[in-house]
Amino acid sequence: NAGVTQTPKFRILKIGQSMTLQCTQDMNHNYMYWYRQDPGMGLKLIYYSVGAGITDKGEVPNGYNVSRSTTEDFPLRLELAAPSQTSVYFCASSSLNSNQPQHFGDGTRLSIL
Amino acid sequence: AQSVTQPDIHITVSEGASLELRCNYSYGATPYLFWYVQSPGQGLQLLLKYFSGDTLVQGIKGFEAEFKRSQSSFNLRKPSVHWSDAAEYFCAVSDQTGANNLFFGTGTRLTVIP
């Protein structure tokens, strides 16, 4: 049972480069989320999705884009990487039932130099 | 707006000692509250959750938490800490919208000394 899978686990980017962080879940969850975690801080919500074709902004969406073409996949794209986007990124998913918790991937550690 | 405060950035306890991690929340109605644990290099794992009913909630790994509405608190406790409990602990509150977005505290790092 894989749960939520994130790739890559680590990545170093140069300023101005672009990349896509991949997230896949095999639990048939409708809801998916992207968070960033900065040192000494809790997780901040970047974007979320309530189903295929539907996405919405969270607390800190600037500099990121997402898409949700299938139930399983929720990629996060950085178009012009900036040093401020150096962080650990977590993807999560949950079912429609509001009593169910979010399940998290192991994270992607991204450094922008 | 909802928010979570974890007043303790870092706590050190001896193995076998009891543990209490503090969490205070701000939310207008009855909150949905969670405690997650994060081991180094890992994602977050749910320890326990509170939605309604009994204010003392049992979780995995021997943890429990008590919801106190009068104090806006949801403190995490464990009677006897094990070395493997060393990790980062996060309290979170749901905004109870359609997507049940979570708002996290800044975390408490637990160190366990032998």
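Look up: the structure comes first, before these words.
Cut-offs applied
- Residues numbered from 1 in each chain as written.
- Chains lettered and ligands numbered in written order.
- Predicted model: local features only at pLDDT ≥ 70, side-chain atom pairs only at ≥ 80, totals over all residues.
- Heavy atoms only, no water.
- Disulfide = S-S within 2.5 Å.
- Helix = DSSP H or I, 4+ residues; strand = E, 2+ residues; numbered from the N terminus.
- Buried < 20%, exposed > 50% of the residue type's maximum accessible area, 1.4 Å probe, protein only.
- Pairing = 2+ DSSP bridges.
- Axes fitted to C-alpha atoms, helices over the stretch in contact; angles between N-to-C directions.
- Contact = heavy atoms within 4.5 Å.
- Polar contact = N/O pair within 3.5 Å; in protein donor to acceptor, adjacent residues only side chain to side chain.

**Q** I'd love a proper account of the state of the cysteines, names of residues and values included.
**A** Counting across every chain of the model gives two disulfides over all chains. Residue pairing for Cys-23 of chain A: its cysteine sulfur links by disulfide to Cys-91 of chain A, the two sulfurs lying 1.8 Å apart. Across the S-S bond linking Cys-23 of chain A and Cys-91 of chain A, the dihedral sits near -75 degrees, which makes this disulfide left-handed. Here the residue Cys-23 of chain A occupies a position in strand 3 (residues 19-25), and Cys-91 of chain A occupies one in strand 9 (residues 87-94), the gap between them amounting to 68 residues. Here Cys-23 of chain B engages in a disulfide with Cys-91 of chain B; their sulfurs sit 2.0 Å apart. Where Cys-23 of chain B bonds to Cys-91 of chain B through sulfur, the torsion about that S-S bond is close to -65 degrees, and the disulfide is left-handed. Highlighted residues: Cys-23 of chain B in the loop between strand 3 (19-21) and strand 4 (24-26) and Cys-91 of chain B in strand 10 (residues 87-94), separated in sequence by 68 residues. Here Cys-91 of chain B falls in the buried class, since its relative accessible area comes to 0%.

**Q** Residue-level account of the sheet that holds strand 8 (residues 76-78) of chain A, with values.
**A** Residue and element names in this part refer to chain A. Ordered in space as 1-3-8-7, the four strands form an open sheet in which the pairing is antiparallel. Edge positions in the sheet fall to strand 1 (4-7) and strand 7 (64-66), since each of these pairs with one other strand and no more. Geometrically, the sheet is characterised by an average inter-axis angle of 20 degrees between neighbouring strands, direction not taken into account. Sheet analysis places strand 3 next to strand 8, joined by three bridges and oriented antiparallel. Across the sheet, Met-19 pairs through a bridge with Leu-78, a residue of strand 8.

**Q** I'd love a proper account of the environment of Ser-87 of chain A, names of residues and values included.
**A** Residues and elements named next belong to chain A. Tracing the backbone through its elements, the reader meets Ser-87 in strand 9. For Ser-87, a relative accessible area of 5% puts it in the buried group. C-alpha separation for the pair Ser-87 and Leu-110, spaced 23 residues apart in sequence, amounts to 5.6 Å. Those residues in contact with Ser-87 that lie beyond four places of it in its chain are Arg-36, Gln-37, Asp-38, Thr-108, Arg-109 and Leu-110. Here the side chain of Ser-87 touches Asp-38 through a polar contact of 2.7 Å, side chain to side chain.

**Q** Provide a residue-level description of the side chain of Gln-6 of chain A, including the pertinent values.
**A** Residue and element names in this part refer to chain A. Structurally, the position occupied by Gln-6 is in strand 1. Classification of Gln-6 by relative accessible area gives buried; the value is 5%. Within the structure, the side chain of Gln-6 is placed 2.9 Å from the backbone oxygen of Tyr-89, a separation counted as a polar contact. Discounting chain neighbours no more than four positions away, the residues touching Gln-6 are Gln-22, Trp-34, Tyr-89, Phe-90, Cys-91, Gly-105, Asp-106, Gly-107 and Thr-108.

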